[in-house]
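# Overview (structure and organization)
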Amino acid sequence: MKLAIFASGNGSNFQAIAEAVKSGEIDAEITLLFSDKKDAYVVQRAKALQIPVIAFSPKDFDSKAMYEAEILHLLEEEQIDLVVLAGYMRIIGPTLLEVFSNRMVNIHPSLLPNFPGLNGIKDAFCAKVAETGVTIHYVDDGVDTGPIIAQEKVMIEGNDTLASLEEKIHNVEHKLFPSILAKLIKTRQGENHS
Ligand code: GRF
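Per chain, residues are indexed from 1 in the order of the written sequence. Local features in a predicted model are, by the rule used here, given only for residues with pLDDT of at least 70; side-chain atom pairs are given and counted only at 80 or more, and totals for whole chains, interfaces and linings are based on all residues. Excluding hydrogens and water, the side-chain values take into account all heavy atoms of the structure.

### Side note on the overall build of the protein
Helix numbers and strand numbers start at the N terminus; a helix is a DSSP run of H or I with at least 4 residues, a strand a run of E with at least 2. Across its full length, the protein holds six helices and seven strands. Taken over the C-alpha atoms alone, the protein extends approximately 50 × 45 × 30 Å along its principal axes. Across the 194 residues in the protein, those meeting the buried criterion constitute 47%. At a minimum sequence separation of 6, the contacts of the protein that also span at least 24 residues come to 63%. A 1.4 Å probe and the Shrake-Rupley method give the accessible areas. Residues count as covered only by the protein chains that appear here. For the protein, the accessible area works out to roughly 9,900 Å², and carbon and sulfur atoms hold 51% of it. Working definition: with a 1.4 Å probe on protein chains only, accessible area under 20% of the residue-type maximum means buried, over 50% means exposed, and in between means partly exposed. Any pair of residues with heavy atoms lying within 4.5 Å of one another is described as a contacting pair.

Quick look at the structure:
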């Protein structure tokens, strides 16, 4: 099973997945990291792990469709089975979705359908809800709306700050994402062999 991970920023989830591949928890290969931000810290993480990096921006293209067509070409060339969005801060357009919709997984830092969008942790914190969490879901053409694969709750305590809540959420993400990917990949491998 060949994975492509898409990420735009820090890459702590990318790192957690890479470690789970290395330890054998996830039975797959990370064939490439794609980043829409050449200077993102995740690019340095991938280089340190000797994972091939492809990085270019939609600004390098005349349209989003052309940007995604180039990504699609690379994914098909590498025969990627599963695309993992780990902090990829862009909406996936029809060019990529038509080919990868049931093979593209995202992580979102809230209990969807609550608090979709760019600031899932902050929005839950400011709304003063008692609990939030982490969702892993398939990608569709909405913003954080695709079919849910798994969720884990995180309680917001009275003494939590935004920073402490962020830390709690990320700690859950770094365990949940690798373990759900491991299960999903195992299931798909079973289906391919039967
Ligand atoms: C994570 O909180 C993830 O849920 C969200 O973006 C963040 C990425 O963090 N989609 P990192 O780049 O993996 O550290």
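From this point, the discussion proceeds with the structure in view.
### Observations concerning the layout of surface pockets
Only protein atoms enter the 1 Å grid, on which a cavity is a set of points fitting a 1.4 Å probe that cannot get out and a pocket is an open set with protein on both sides within 12 Å along at least 5 of 7 lines, lining residues being those with an atom within 4 Å of a point. Grid points are joined across faces, edges and corners, and a volume is the space filled by probe spheres set on the points. Here the largest pocket defines a volume of roughly 790 Å³. Lining the largest pocket are 35 residues; nearest its centre among them are Gly-87, Tyr-88, Met-89, Ile-107 and Pro-109. Among the secondary structure elements, those contributing two or more residues to the lining of the largest pocket are helix H1 (12-23), strand S5 (104-108), helix H5 (120-126) and helix H6 (162-193). Per-element tally for the lining of the largest pocket: the top contributor is H6, with four residues.

### Re the UniProt feature "active site" (unreviewed entry) in the protein
In this structure's numbering, the residues bearing the UniProt feature "active site" (unreviewed entry) are His-108. As for its position among the elements, His-108 is in strand S5. Overall, the relative accessible area of 3% leaves His-108 in the buried class. Leave out the neighbours within four places in its chain, and His-108 touches Phe-115, Pro-116, Gly-117, Gly-120, Gly-133, Val-134, Thr-135, His-137, Asp-144 and Glu-173. UniProt positions are given in the numbering used here, feature names are shortened, and annotations may be inferred rather than shown by experiment.

### Quick word on the site of the ligand
Any residue with a heavy atom lying within 4 Å of a molecule or strand is counted as near it. Within the structure, the ligand sits among Asn-10, Gly-11, Ser-12, Asn-13, Gly-87, Ile-107, His-108, Pro-109, His-170 and Glu-173. For this analysis, a polar contact is any N or O atom pair within 3.5 Å, provided that within protein one partner can donate a hydrogen and the other can accept it, and provided that sequence-adjacent residues contribute only side-chain to side-chain pairs. At 2.7 Å from an oxygen atom of the ligand is found a main-chain nitrogen or oxygen belonging to Gly-11. Glu-173 is positioned with one of its side-chain polar atoms (N or O) 2.3 Å from an oxygen atom of the ligand. Burial of the ligand by the protein chains amounts to 87% of its free accessible area of 370 Å². To be counted as sitting in a cavity or pocket, a molecule needs more than half of its atoms within 2 Å of that site's grid points. A molecule is said to occupy a pocket when more than half its atoms come within 2 Å of that pocket's grid points, and by this definition the ligand occupies the largest pocket. Among the secondary structure elements, those contributing two or more residues to the shell around the ligand are H1, S5 and H6. In this classification, Asp, Glu, Lys and Arg are treated as charged, Ala, Val, Leu, Ile, Met, Phe, Trp, Tyr, Cys and Pro as nonpolar, and every other residue, Gly included, as polar. Partitioned by chemical class, the residues of the shell around the ligand number two nonpolar, seven polar and one charged.

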